Amino acid sequence: MFNIIVTGNLLNQQTAEQVIPALAKLFKLSTEKAAGVLEKAPMAVKKKVPMEVAEKYQAALQSIGLETAIEAVVNTESPVTETESASSEPSEPEAESASTPSSKQPFSEPKDINQSTPEHFQGLEFKLDGQPDYGFATVQIPAGETLKVEASAMATMDTNILMKTKAKGGIGRMFTGESLFINEFTAENGQGEIGIAPGAPGDIKHVYLDNQTIYLQNSAFVASTMGVATETKWQGLTKGFFSGESLFLIRCSGQGDLWFNTYGAIIEIDVEQNYVVDTGNIVAFTDGLDYNITKVGGYKSLFFSGEGFVCRFSGKGKVWIQTRSVPAFTSWAHWYRPSKN
């Protein structure tokens, strides 16, 4: 068995500013964790793996300009023989790995370097620009694969990408605020790149669904891979009417990449028991959370506080909120409209 050691030396005249983002992208680490690998080098980033796996790690790391070494694991657990000195000092402990593996949580950060291998990554390669004001997603579509994108959201694409428009969701999809049609982009004769720009000014969020479910507020869906099924869900007349939002939600489930957008920046909140969010600020929430629409105070507060109704979540899961609300903005902008003569 072998350990993979990052020496801390950079190859091919690469700089730390170039290597750190590449390392984060390669293994889907946060930038902070990737920087920690260089700061703590030399160190073992993977321990006790077969030679063929070690060579794959080494090739992947050296391709981004990071020097590595493969070190044979020495068995230090054999008993001390009579000829060994009783006063001999114990060997130095093996260096800590790049990050400590954590238990799997729904929609958590992508797996760290100890849980991923260079030959298989979860999801498509992509990057997000313009955050949080004017989010723009650039997605690499592998050859022969297809990406579903909301109508009118495609901004740029390679010439080898073929677009087909299909009807999706029927009348229920129209009630969510989405188009009745969705565009499917397929990369032919090699990998293709597509740029996606949502209509609303704000952020874009990516999650990878691993046989999980997310509910999106109307107009939040941007794009997904074919393994993610999207359908409209009736949230009930009472919830829909009093929330001030759509009577329908968008249910996204299955396995694959999902992108959704917000009005303003996006904040991810872990809900452990109960949490209250203004209905105009909700973007998405995970399956397993129950919710009810209620007033935030008494009837005086309901009509004069400007808060109206709120959504009270219960259970355990995640909620994504947007830092701006369309109803709040229109209410603010109303007073600046020119008056009629």
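Here the structure is a predicted model, which means the values were calculated and not measured. (Residues numbered from 1 in each chain as written. Predicted model: local features only at pLDDT ≥ 70, side-chain atom pairs only at ≥ 80, totals over all residues. Heavy atoms only, no water.)

**Notes on the confidence of the model for the chain**
Per-residue pLDDT for the chain averages 75, and the proportion of residues at 70 or more is 71%. Confidence, expressed as mean pLDDT per element, reaches its minimum in the chain at helix α5 (residues 237-243) with 42 and its maximum at strand β7 (residues 154-157) with 96. When the criterion is pLDDT under 50, residues 76-121 qualifies, and its contacts beyond four places in sequence or with other chains add up to 63 contacts. Low pLDDT, under 50, characterises residues 237-246; the predicted model gives this stretch 25 contacts beyond four residues in sequence or across chains. (pLDDT = per-residue confidence, 0-100. Helix = DSSP H or I, 4+ residues; strand = E, 2+ residues; numbered from the N terminus. Contact = heavy atoms within 4.5 Å.)

**Some points on the sheet that holds strand β10 (residues 192-196)**
The strand order β4-β5-β10-β7 describes an open sheet built from four strands, whose pairing is antiparallel. At either margin of the open sheet sits one strand with a lone partner, and together these are β4 (126-129) and β7. The sheet shows a mean angle of 20 degrees between the axes of neighbouring strands, direction not considered. Where strand β5 (residues 136-141) and β10 come together, five bridges link them in antiparallel fashion. Looking at the pairing, V139 lines up with I194 of β10. (Pairing = 2+ DSSP bridges. Axes fitted to C-alpha atoms, helices over the stretch in contact; angles between N-to-C directions.)

**Comments concerning the packing of aromatic side chains**
Describing an aromatic ring pair means giving the distance of the ring centres and the angle of the ring planes. The final tally for this structure, using the stated rule, is six aromatic pairs. When the centroid spacing of 5.6 Å and the interplanar angle of 90 degrees are considered together, the rings of F126 and W259 count as edge-to-face. Of this pair, F126 sits in strand β4 while W259 sits in strand β14 (residues 248-261), placing them 133 residues apart in sequence. We classify F126 as partly exposed; its relative accessible area is 23%. Since its relative accessible area comes to 1%, W259 is described here as buried. Linked through ring pairs, Y215, F285, Y291 and F313 together constitute an aromatic cluster. (Phe/Tyr/Trp six-rings, centres within 6.5 Å; stacked < 30°, edge-to-face > 60°. Buried < 20%, exposed > 50% of the residue type's maximum accessible area, 1.4 Å probe, protein only.)

**Quick look at the pairing of strand β6 (residues 146-150)**
With five of its five residues buried, β6 lies for the most part within the structure. Burial along β6 is two-sided: the face carrying T146, K148 and E150 and the face carrying L147 and V149 are both buried. As paired elements, β6 and strand β9 (residues 181-187) share five bridges and run antiparallel to each other. Residue pairing across strands places K148 opposite E184, the latter belonging to β9. As paired strands, β6 and strand β12 (residues 221-225) are joined by three bridges and run antiparallel to one another. Opposite V149, over in β12, you have A223 as the bridge partner.

**Concerning unusual backbone geometry**
For the bond running from A41 to P42, omega is 0 degrees, close enough to zero to count as cis. Take P42: it is sitting in the loop between α2 (31-40) and β2 (43-49). Located in the positive-phi region is S152, a residue other than glycine, with phi close to 75 degrees. Tracing the backbone shows S152 in the loop between β6 and β7. Overall, the relative accessible area of 73% leaves S152 in the exposed class. With a phi close to 70 degrees, S219 is a non-glycine residue in the positive phi region. As for its position among the elements, S219 is in the loop between β11 (204-216) and β12.

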